[in-house]
Amino acid sequence: MVEAMKYTTPNGEGSINRPDAVDIDTMAIRPSREYEVCNGLLDDFDALNAFYEKNGYLFFRDVLDPDSVVEARDAMLAIAADDFGLIDKGDVEAKWTGKPTIRGQEELPCFAGISQRLINYPKNQELLTKILGDKPAMVPVVQYRLYPPQTAVTPVHQDGFFSPGIQDYRPLWIPLTPCPREVGGLTIAVGHNNKGWLHNLARETPWPIPDDEIDPDSWATADFEPGDLLVVHPYAPHASMPNMSDRLRVTFDTRVQSAKNPTTFMAKVDSALQDSVTVTSPDPAVGQVTLSLDRDSFVRTRHPGKREAFEDYADAIQPGQQLVVTRVGDRAAMLRIGSNP
């Protein structure tokens, strides 16, 4: 493996800067490994956390409350049929009608509340408490996936690189209909969460990862079923696989954080200056706060995949805008387009 040159990332941590590197080709990934099932570790947090830190994931079979999964599935399929015409109404197999999907549909308001209701089921709260080692709190960032066949895959990336400042959180990937390999599940480079940030800052956003930074034999995946849960380490390189079936891929991914330190919240912008922003959260524990901004603040307020330049902060943040805010003390570590948990 080529030695990576350390650099300063937009979130203030070391990454790589290799102008001549070859970008990884997500479509060329051929997972040769299977995820290990972690159900047997659920009552031993230390062992569970050790597996997570070593491998970069946790994979559980049939652990989510079945009623919560059916409720979320039916809600997303109703949207797929009624709002987008991607399937016939009432088709629980989610067979694609051939109609093209809507670009950027992952965070549309029509999905609001689906993930929150699933996470709030008592059985799911108990499960996530075991996984976190503490009562979970929702991170208000969710992507809802209704992906037809031949939809472009999500490139290889590390979630934490794009979410600086969020503390003690776990990204969750949840299938709501059967998702065997041909439907295009999620693949993770096992063990690469221990290699730091791998995004190449010598490239343009979203800073693709160089091909030779990841062992091609490290990729793992599985045939997923409703009720399964995949927990992804924020540092773990991962990507979606192509949907080669005749059905939609019906999943969502969200994040939960420790309730002891819920650093991320929804808020409305009151005003924005070059070096500060004032926001009001509906959470009375937060209320109205003024947070400083600096060159290390990660601001994505006009496009979900593009970071704003420091000089453009004031123009990129509009009064009345709903944003996800990550606070570290009196500083805004991240501001991003509002989601619909």
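Note: the structure precedes this text.
Rules used in this analysis
- Residues numbered from 1 in each chain as written.
- Predicted model: local features only at pLDDT ≥ 70, side-chain atom pairs only at ≥ 80, totals over all residues.
- Heavy atoms only, no water.
- Phe/Tyr/Trp six-rings, centres within 6.5 Å; stacked < 30°, edge-to-face > 60°.
- 1 Å grid on protein atoms, 1.4 Å probe; cavity = no way out; pocket = protein on both sides within 12 Å on 5 of 7 lines; lining within 4 Å.
- Points joined across faces, edges and corners; volume = space filled by probe spheres on them.
- Helix = DSSP H or I, 4+ residues; strand = E, 2+ residues; numbered from the N terminus.
- Pairing = 2+ DSSP bridges.
- Buried < 20%, exposed > 50% of the residue type's maximum accessible area, 1.4 Å probe, protein only.
- Axes fitted to C-alpha atoms, helices over the stretch in contact; angles between N-to-C directions.
- Contact = heavy atoms within 4.5 Å.
- Polar contact = N/O pair within 3.5 Å; in protein donor to acceptor, adjacent residues only side chain to side chain.
- Expected span 1.5 Å × (residues − 1).

Chemist: I'd like a rundown of the packing of aromatic side chains, residues and numbers included.
Modeler: The final tally for this structure, using the stated rule, is 16 aromatic pairs. Following the ring pairs from residue to residue traces out a cluster consisting of Tyr35, Phe51, Tyr57, Phe59, Trp173 and Phe224.

Chemist: Which residues make up the layout of surface pockets, and what values do they have?
Modeler: A probe matching the size of a water molecule, rolled over the atoms, marks out where space remains unfilled. In this structure, the second largest pocket encloses a volume near 320 Å³. Pro262, Thr264, Phe265, Met266 and Asp283 are the residues nearest the centre of the second largest pocket, which is lined by 18 residues in total. Counting residues per element, the ones that place at least two in the lining of the second largest pocket are β5 (136–147) and β12 (264–273).

Chemist: Give me the lowdown on the sheet that holds strand β10 (residues 238–240), citing residues and values where you can.
Modeler: Pairing within the open sheet is mixed, and its four strands lie in the order β3-β8-β7-β10. Each end of this open sheet is capped by a strand with a single partner; those strands are β3 (33–34) and β10. When strand β7 (residues 186–189) meets β10, the two strands line up antiparallel, connected through three bridges. Bridging from a neighbouring strand, Leu186 pairs with Ser240 of β10.

Chemist: An account of the pairing of β5 is requested, with residue identities and associated values reported.
Modeler: Here β5 lies mainly inside the structure; twelve of its twelve residues are buried. Where β5 and strand β11 (residues 249–258) come together, nine bridges link them in antiparallel fashion. Looking across to β11, one finds that Val139 is bridged to Arg255.

Chemist: Tell me what's going on with the sheet that holds β11, and back it up with residues and numbers.
Modeler: Here we have five strands laid out as an open sheet, ordered β4-β9-β6-β11-β5, and antiparallel in their pairing. Edge positions in the sheet fall to β4 (57–60) and β5, since each has one partner strand and no second. Averaged over all pairs of adjacent strands, the angle between their axes in this sheet comes to 20°, without regard to strand direction. Contacts between helix α1 (residues 45–55) and the sheet are confined to β4, β6 (169–175) and β9 (229–232), with β4 contributing the most and set at about 120° to the helix.

Chemist: Explain the side chain of Arg145 to me, and be specific about the residues and the numbers.
Modeler: Tracing the chain through its elements places Arg145 in strand β5. Looking at Arg145, the relative accessible area reads 12%, which means it is buried. Looking at Arg145, its side chain comes within polar contact range of the side chain of Tyr147, at 2.7 Å. Leaving out residues up to four positions away in the same chain, Arg145 has contacts with Met76, Gln105, Glu106, Arg249, Val250, Thr251, Phe252 and Asp253.

Chemist: Help me get a handle on unusual backbone geometry, residues and values and all.
Modeler: The peptide bond linking Thr205 to Pro206 adopts the cis configuration, its omega dihedral lying at 10°. Examined against the element boundaries, Pro206 turns out to sit in the loop between β7 and β8 (219–221). Phi at Ala94 takes a positive value of approximately 60°, unusual for a residue other than glycine. Positionally, Ala94 belongs in the loop between α2 (66–82) and α3 (114–120). One non-glycine residue, Trp207, adopts positive backbone phi at about 55°. With respect to the secondary-structure elements, Trp207 resides in the loop between β7 and β8.

Chemist: Kindly report on the environment of Val142, identifying the contributing residues and their values.
Modeler: Relative to the helices and strands, Val142 resides in strand β5. Residues Val142 and Glu107, 35 residues apart in the sequence, show an inter-C-alpha distance of 6.8 Å. In this view, Val142 contacts Glu106, Glu107, Ser115, Phe252, Asp253, Thr254, Ser339 and Pro341; residues no more than four positions away in its chain are not counted.

Chemist: Any details on the environment of Ala267? Residues and values, ideally.
Modeler: Along the chain, the position of Ala267 falls in strand β12. Expressed as a C-alpha distance, the spacing of Ala267 and Gly85, which sit 182 residues apart in the sequence, is 33 Å. Here Ala267 is in contact with Val279, Thr280, Ser281, Gln321, Gln322, Leu323 and Val325, once residues within four sequence places are set aside.

Chemist: So what about α2? Which residues, and what values?
Modeler: A rise of 1.5 Å per residue sets the reference length of α2, with its 17 residues, at 24 Å; its end C-alpha atoms lie 24 Å apart and thus fit the reference within 8%. Residues of α2 that are buried sit in contact with α3, α4 (122–132), β5 and β11. Capping the start of α2, Asp65 holds a side-chain oxygen 2.8 Å from the backbone nitrogen of Asp67, two or three residues further along.

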